[in-house]
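Letter by letter, the chains look like this.
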Amino acid sequence: MKVAVFGAGYVGLVTGACFADLGHEVVVRDVVADRIEALRAGRVPIHEDGLGELLERNERRLHFTTDVTEAVDGADVIYIAVGTPPTYSGDADLSAVWTVVDELPQTDRRIVVAMKSTVPVGTGRSVRHRLDDRGLDNVGYVSNPEFTAEGTAIEDFMHPDRIVIGAFDVADGDVVAKLHEGIDAPLVRCDVASAEMIKLAANAALVTRISFINEIANVCEATGADVTTVSQGIGLDRRIGPSFLRAGIGFGGSCFPKDSLALKQLAANSGYNFQLLNAVIEVNELQKRRVIGKLERRLGPLRGKRIALLGLAFKPGTDDMREAPSLVLAGRLLSEGADVVAWDPVANGASHLHGVEIAETALAALDGADAAVVVTEWPELRELDWAAAAEHMRTRVVVDGRNLLDPDAIRALGFAYEGIGRPVA
Ligand SMILES: NC(=O)c1ccc[n+]([C@@H]2O[C@H](COP(=O)([O-])OP(=O)(O)OC[C@H]3O[C@@H](n4cnc5c(N)ncnc54)[C@H](O)[C@@H]3O)[C@@H](O)[C@H]2O)c1
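1. Re helix α8 (residues 170-179)
Inference 1: Taken as a whole, α8 has its buried residues at D172, G173, V176, A177 and L179. Along the long axis of α8, the arc covered by the buried residues comes to 155 degrees, so they all point the same way.
Inference 2: One side-chain oxygen of the residue at the start of α8 lies 3.0 Å from the amide nitrogen of A171, identifying that residue as D169.

Dropping the structure here:
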């Protein structure tokens with residue numbers, strides 16, 4: 001089949017590369033000319049494991065363009081994978097989605113528009129109305145939300161837990177189902193609104209677990225229990241399961257914060273106060289700031305103290321810093337008057353963080369530092385030569401925001417160590 005993908009970002013590129021790998025002809029369209037130029041020249045504009053190799057392997061079936069007509073020409077399915085960032089009000093900004101819908105040309109054969117961008121429930125219905133208003137009766141609409149996680153996106157796409165296809169017209173859903181032939185996963189065929197809600201509800205469930213375990217961690221800290229042991233103990237319960245029970249300094253990224261906010265606002269706009277989700281979001285905001293209190297307890301006032309932030313991406317395996325806890329932490333530390341130095345193996349801190357010194361290596365970041373804060377659980381940090389770090393630091397303080405390190409080993413090197421929800425020695 002021939003597929004056009006609008007948006008050459010994290011989702012669009014992975015979608016395009018994976019469909020090409022399944023044997024389809026794919027054209028990826030973006031409005032940013034530099035991005036398209038880079039892709040044509042074989043450069044991958046984002047960090048995602050295996051994406052470069054996949055794009056290269058399917059070079060013959062993949063094309064990149066800024067031109068709508070070229071992208072849509074002969075396409076059976078048009079994927080929308082543009083950004084839907086939060087607006088000031090917390091609602092999803094759908095302007096890029098509407099631009100794509102309005103750009104679609106007239107067609108005399110059936111084309112299916114498939115929505116991969118995460119959108120509020122009701123968006124499909126509004127798009128359908130807009131297509132009808134424009135006389136595009138030949139254009140079908142399907143909601144096919146994306147559940148991939150950055151860092152493991154290709155594996156997630158090729159081996160998903162399920163494929164959700166919500167359609168107004170069953171035949172359009174069949175086309176999208178056929179496109180996925182070769183992927184072995186349960187199909188959830190449903191109406192458009194339910195498909196939209198499945199995506200938002202899945203993310204809400206995951207963030208609820210994160211805030212839940214973070215609150216358990218905070219109570220562990222107050223009572224002397226160890227949350228890592230508690231997580232293991234409750235995760236073995238089959239009714240609960242082990243995933244998303246790692247306590248830390250909160251969730252970030254381009255999806256969880258905005259999608260939970262969007263669902264909260266969607267509920268509010270519909271006259272419902274989603275109290276549980278409100279609490280989940282608030283817990284997360286507070287969680288990001290708990291590191292400051294831990295540092296102050298060890299170092300006193302932070303003014304003039306040199307604090308090293310280790311890891312900037314919102315999670316390992318990606319260069320994505322959107323809504324990363326590192327941004328809030330850096331801001332809070334700077335406002336306390338601390339000197340902040342940061343390191344990340346792939347994220348481009350310099351373009352996101354003003355007033356923060358960027359170090360080339362983790363050890364360089366720790367040189368002369370009063371405290372190290374593990375912000376992202378990069379494997380490099382577990383393997384870091386902490387004995388060498390101890391020699392280079394001014395004060396041996398580690399705040400492990402991801403419970404990544406072995407507290408006993410770190411303490412044996414003379415560090416004061418504090419994790420999240422772990423007993424303080
Ligand atoms: N990042 C993820 O892991 C992930 C996972 C699941 C769902 N999603 C959802 O997928 C959507 C895309 O997310 P992303 O992280 O890939 O965003 P992104 O910002 O990385 O990419 C979006 C791309 O769309 C392009 N674009 C904007 N207007 C366009 C237009 N009119 N035509 C063509 N391209 C256009 C932008 O230039 C950008 O390159 C969002 O709704 C997001 O919530 C993301």
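Still to come is the rest of the account.
2. With respect to a negative patch on the surface
Inference 1: A cluster of acidic side chains, namely D49, E53, E56 and E59, defines a negative patch on the protein surface.
Inference 2: Positionally, E53 belongs in helix α3 (residues 51-57).

3. With respect to the site of the ligand
Inference 1: Taken together, 29 residues sit near the ligand, with V11, D30, T84, E150 and K258 positioned nearest.
Inference 2: At 2.6 Å, a side-chain N or O of T84 approaches an oxygen atom of the ligand.
Inference 3: Isolated, the ligand exposes 830 Å² of accessible area, and the fraction of that covered by the protein chains is 89%.
Inference 4: Mapped by element, the contributors of at least two residues to the shell around the ligand are α1 (10-21) and α5 (95-103).
Inference 5: Ranked by the residues each element gives to the shell around the ligand, the list is headed by α5, at 4 residues.
Inference 6: For the shell around the ligand, the residue count by class is 11 nonpolar, 9 polar and 9 charged.

Analysis parameters
Residues numbered from 1 in each chain as written. Predicted model: local features only at pLDDT ≥ 70, side-chain atom pairs only at ≥ 80, totals over all residues. Heavy atoms only, no water. Buried < 20%, exposed > 50% of the residue type's maximum accessible area, 1.4 Å probe, protein only. Helix = DSSP H or I, 4+ residues; strand = E, 2+ residues; numbered from the N terminus. Arc of directions from axis to C-beta. Polar contact = N/O pair within 3.5 Å; in protein donor to acceptor, adjacent residues only side chain to side chain. Patch = residues over 30% accessible without salt bridge, like charges linked within 9 Å, V, L, I, M, F, W, Y side chains within 5 Å. Areas by Shrake-Rupley, 256 points an atom, 1.4 Å probe, with all protein chains shown as cover. Salt bridge = Lys/Arg side-chain N within 4 Å of Asp/Glu carboxyl O. Lys, Arg positive; Asp, Glu negative; His and termini not counted. Charge placed at Lys NZ, Arg CZ, Asp CG, Glu CD. Near = heavy atom within 4 Å. Nonpolar A, V, L, I, M, F, W, Y, C, P; charged D, E, K, R; others polar.

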